[in-house]
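# Reading the structure
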Amino acid sequence: MPCNLNHLELSEAVAAGVASAGGVALPFNTISVSDNQSQGTPGMRASLISRELIADSIELMDVAHDFDALVCIVGCDKTTPAALMALARIDKPAVVLYSGPMRAGSWRGEQATIQDVWEAVGAYGQGRITRGELDDLERTACPGPGTCAGHFTANTMAVALECLGLTRLGTTLLAADALEERREEAARCGALAASLAADGRSARDFLDRRGLLNAMVGIAASGGSTNGFLHLLAIAREAEVELTLADLADRCDVTPVLASLTPGGRYVATDFHAAGGVPVLIRELIAARLVDGDAPTIEAGTLAEASAGAPAPDGRVTFSAAAPYKATSGLVGLVGNLAPRGAVAKVAGTQRRRHVGPARVFEREEACIAAIDAGDVIPGEVVVVRNEGPAGGPGMREMLSVTAALVGAGLGESVTLVTDGRFSGATRGLMVGHVTPEAVRGGPLAVVRDGDMVTVDADTRELSVECSEAELAERLAAYVPPPPRVAHGVLGRYSRLVGAASDGATLRD
Ligand code: FES
């Protein structure tokens, strides 16, 4: 897939770098799932599950071969968190090499990304654009190799990587097709890993509470994806670090947005790189005392030292903490009688922060998309899509097709989605996911009915349904979960063993 197209070449350069430092490289692969192929289909169930399999495969290769150090080449939504989860378990010297974003395409004189394609699918479903226009956009929006061009989940995790210090600062968002520079960087990482093998810091020196909170601040300040919550909680669990959804949400509450990146802003990852990239944000966030600058980086020295030479914010793509792009982050932790163990709201590309409306309940994503396409969802409704959580889906599908269909149908500013599934980083609007406990595990989402009044409030951090405690308890007592959608194989096993989204949706030991 586009986000992995340069990986084999990069691995050859890493191996050359290892050799130049006197080491011997032993390259091996893992799987990777393309969210853009699986989005909106049953295949999306495989996406989050693949994170566990990738982490397991890296760990197992190390168990078998006892490497001295590792270089993990990552690029796509799951490979970055999976590599970090594996490194948290292995706890050896390691460098993570991000393979770089795609450049934006161009359509009708404007930058275009995969997000535009998904929203155009919704617009086509509503008859607002022609099939020919949709095809034209599809052919131009993804013009080359690299991770999805906007600040979606993959590039969100690249920002997290730099904040964690496990990669060389300023390198992640160089375009994937800048092959010469990318090869040089890969060789540097190989040599660095070989030099760390003898006496370098090990992965858990970076994947500690300080590092993970720094990463959350970086994610929030860049206007990143809600998947950041899920992945940081999963990494914390693997690193045996105490960290809760509330801890992460608290950091988001005090973090301003310092970059104008799509979907919450205007520019794409390669624009961000040209403006100085992640170190610009890190330096601003350290000065604002939101990031701990004493945290280590892989090249020795601290985050503060490594980001000291970053350019000043340009006021266009990057902004200072004193004059931010937005005063508050678009990532909000919610709690209430509809999500006793928490939920995550994303407020991106919209001014709306509160919605009170009647519930419109769907038992799966496809039913919701069909209703939107049929013009059967009306302004003011709170669309509830349940049985899409980690266990219920199984696999906690991303609801990009739903949110893009809402935007495409002109309902992005008047309808809110609440789900126990999750969102793509390309989602925009006021959307609530990760509702915990999920429906099939007896969460109150399971017993919401059409017409129940639901409140989503990003300012008071509330997700609730207008229903008395006694009535909710009565409904829950009568609730019988649906039979598992998949009982066998990897999906069935995951469905039985997966933990809650508020714990990172990792497999329980
Ligand atoms: Fe791989 Fe978007 S599908 S980064």
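Above this text is the structure in question.
The structure reproduced in this document is the subject of the present report.

Parameters and conventions
- Residues numbered from 1 in each chain as written.
- Predicted model: local features only at pLDDT ≥ 70, side-chain atom pairs only at ≥ 80, totals over all residues.
- Heavy atoms only, no water.
- Pairing = 2+ DSSP bridges.
- Helix = DSSP H or I, 4+ residues; strand = E, 2+ residues; numbered from the N terminus.
- Buried < 20%, exposed > 50% of the residue type's maximum accessible area, 1.4 Å probe, protein only.
- Axes fitted to C-alpha atoms, helices over the stretch in contact; angles between N-to-C directions.
- Parallel < 35°, antiparallel > 145°, perpendicular 65-115°, else oblique.
- Left-handed = near helix turned anticlockwise from the far one by under 90°.
- Contact = heavy atoms within 4.5 Å.
- Nonpolar A, V, L, I, M, F, W, Y, C, P; charged D, E, K, R; others polar.
- Salt bridge = Lys/Arg side-chain N within 4 Å of Asp/Glu carboxyl O.

The next subject is the pairing of strand E12 (residues 462–465). In this structure, strand E11 (residues 453–457) lies alongside E12, joined through four bridges in antiparallel fashion. Note that in E12 the partner of Thr455 across the bridge is Ser464. Turn length for the E11-E12 hairpin, with the two strands adjacent in sequence and antiparallel, is four residues, and the turn residue Arg461 shows positive phi of about 60 degrees.

Among the five residues of strand E10 (residues 429–433), five are classified as buried, and the element is accordingly described as predominantly covered. Residues Gly429, Met431 and Gly433 line one face of E10 and the alternating positions Leu430 and Val432 line the opposite face, and both faces are buried. Inspection of the sheet shows strand E9 (residues 416–419) paired to E10 by two bridges, in the parallel sense. Looking at the pairing, Leu417 lines up with Met431 of E10.

The interhelical angle for the contact between helix H7 (residues 153–164) and helix H9 (residues 209–221), taken along N-to-C directions, is 140 degrees, at an axis separation of 8 Å. The pairing of H7 with H9 is recorded here as oblique in orientation. As H7 packs across H9, the resulting crossing turns out to be right-handed. Note on element contacts: H9 touches H7 through Gly211, Leu212, Asn214, Ala215, Gly218 and Ile219, opposite Thr156, Val159, Ala160, Cys163 and Leu164. Within the contact of H7 with H9, the residues separate by chemical class into seven nonpolar, four polar and no charged.

If you walk through the whole model with that rule in mind, you get 38 salt bridges. Between Arg210 and Asp292 there is a salt bridge, with its nearest N and O atoms 3.7 Å apart. Here Asp292 lies in the loop between helix H13 (278–287) and helix H14 (303–307) and Arg210 lies in helix H9, a separation of 82 residues in the sequence. Of the residues examined, Arg210 reaches a relative accessible area of 30% and is grouped as partly exposed. What emerges from the salt-bridge pattern is a single network uniting Arg168, Glu184, Glu185, Arg188 and Glu299.

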